[in-house]
Amino acid sequence: MATENGRGGITRPSHPLLSIVVPAYNEAGCIDEMVRRLTAVLGGLDVDYEIIFVNDGSADRSAEIVAAHCAQNPKLKLVDFARNFGKEVALAAGLAYASGAAVIPIDCDLQHPPQLIHDMYREWKAGSRMVVAVRRAREE
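Every value quoted in this text rests on a predicted model; they were computed, and no experiment measured them.

Peer 1: It is not clear to me how the nonpolar core should be interpreted in this structure. Could you clarify?
Peer 2: Across soluble globular proteins, nonpolar side chains show a tendency to be buried alongside one another. In this structure, Leu18, Ile20, Leu38, Leu42, Ile51, Phe53 and Ile117 are the most contacted members of the largest nonpolar core, which totals 26 residues. Those elements giving two or more residues to this core turn out to be strand S3 (18–24), helix H1 (28–43), strand S4 (49–55), helix H2 (62–72), strand S6 (102–105) and helix H4 (116–125). With six residues, H1 is the single largest residue contributor to this core. Phe53 has contacts with Val22, Ile31, Met34, Val35, Val66, Leu76, Lys77, Leu78, Val79 and Cys108, leaving out every residue within four places of it along the chain.

Okay, structure coming up:
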C-alpha cells in the first residue's frame, strides 16, 4: 500500500532490511531467551528488522508465548500452523512471509548463536550474496 506524503508525491512503505526466521516446535522453554538475545543483537545493528517465528503445530505454549511477545514488539511476527508439518515446511513458510532484503534462518533452541548475526550482516553489507555460518569444531 502506498500513501501520499503530503507534498503531492507517493511514499512507498518501508520494508525491513533484515528478516530473521525462527521455526519453533515445542520450544516454550527457549522462546523468551531467544527473543531477548535476538532483540539485543539486532538492536545493536541499527538496522530495520523483523523476527518471524513459525510455530510448527507445537503442543506446548510456544504460540501463546510468541503471541505475547508480538503484542509487546511490532517487529515480531507469528506464523502459526494448526498442526506439525516439519522444520523444512516451517522454514519455507517463514522465508515466504519474510519481507527483508536479507533473511537469516536460525534455530529456536539457541544451537545457532544469535551473536553471529552481527558478522553475517557485516559480510552481506560488504557485498556477499550469500553468507553461511559453519561450525569449526564440535564441542564434546
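Peer 1: Before we go on, may I ask you to explain unusual backbone geometry in this structure?
Peer 2: A negative phi holds for most residues other than glycine; trans holds for most peptide bonds. The backbone phi angle of Asn26 is positive, close to 55°, even though this residue is not glycine. Along the chain, Asn26 falls in the loop between S3 and H1. Phi at Asp46 takes a positive value of approximately 55°, unusual for a residue other than glycine. With respect to the helices and strands, Asp46 occurs in the loop between H1 and S4.

Peer 1: Help me understand the sheet that holds strand S5 (residues 76–80), please; the structure alone is not making it clear to me.
Peer 2: Consider a sheet: its strands pair through backbone hydrogen bonds, and that pairing is either parallel or antiparallel. The strand order across the open sheet built from four strands is S5-S4-S3-S6, with neighbouring strands paired in parallel fashion. Bordering the open sheet on either side are S5 and S6, each of which pairs with just one other strand. Averaged over all pairs of adjacent strands, the angle between strand axes in this sheet comes to 20°, irrespective of strand direction. Relative to S4, S3 runs parallel, the two being bridged by seven bridges. Looking at the pairing, Pro23 lines up with Val54 of S4. On top of the sheet, helix H3 (residues 87–97) reaches S3, S4, S5 and S6; it is set at about 155° to S3, its chief contact.

Peer 1: I'm lost on the packing of aromatic side chains in this one. Help?
Peer 2: Any aromatic ring pair is given by two values, namely how distant the centres are and how the planes are angled relative to each other. On inspection of all chains with the given rule, the structure shows two aromatic pairs. Plain terms: the ring middles of Phe81 and Phe85 are 5.2 Å apart, the flat faces sit at 85° to each other, and that makes the pair edge-to-face. Between Tyr121 and Trp124, the aromatic rings sit 6.1 Å apart at their centres with planes inclined by 40°, giving tilted as the arrangement. Linking Tyr121 with Trp124, this pair stays in helix H4, spanning three residues, or about one helical turn. The residue whose ring lies beneath Lys75 is Tyr49, and the NZ or CZ to ring-centre distance is 4.8 Å.

Peer 1: I'm lost on H2 in this one. Help?
Peer 2: Each turn of an α-helix holds 3.6 residues, which means side chains three or four residues apart point in the same direction. Restricting attention to buried positions, one finds in H2 the residues Ser62, Ala63, Ile65, Val66, His69 and Cys70. For H2, the arc enclosing every buried residue in end-on projection is 165°, short of the 170-degree limit, so these residues lie on one face. Relative to its buried face, H2 has exposed residues pointing more than 90 degrees away, namely Ala71 and Gln72. Residues of H2 that are buried sit in contact with H1, S4 and S5.

Criteria and thresholds
Residues numbered from 1 in each chain as written. Predicted model: local features only at pLDDT ≥ 70, side-chain atom pairs only at ≥ 80, totals over all residues. Heavy atoms only, no water. Core = buried A, V, L, I, M, F, W, Y, C linked by side-chain atoms within 4.5 Å. Buried < 20%, exposed > 50% of the residue type's maximum accessible area, 1.4 Å probe, protein only. Helix = DSSP H or I, 4+ residues; strand = E, 2+ residues; numbered from the N terminus. Contact = heavy atoms within 4.5 Å. Pairing = 2+ DSSP bridges. Axes fitted to C-alpha atoms, helices over the stretch in contact; angles between N-to-C directions. Phe/Tyr/Trp six-rings, centres within 6.5 Å; stacked < 30°, edge-to-face > 60°. Lys NZ or Arg CZ within 6 Å of the ring centre and 35° of its normal. Arc of directions from axis to C-beta.

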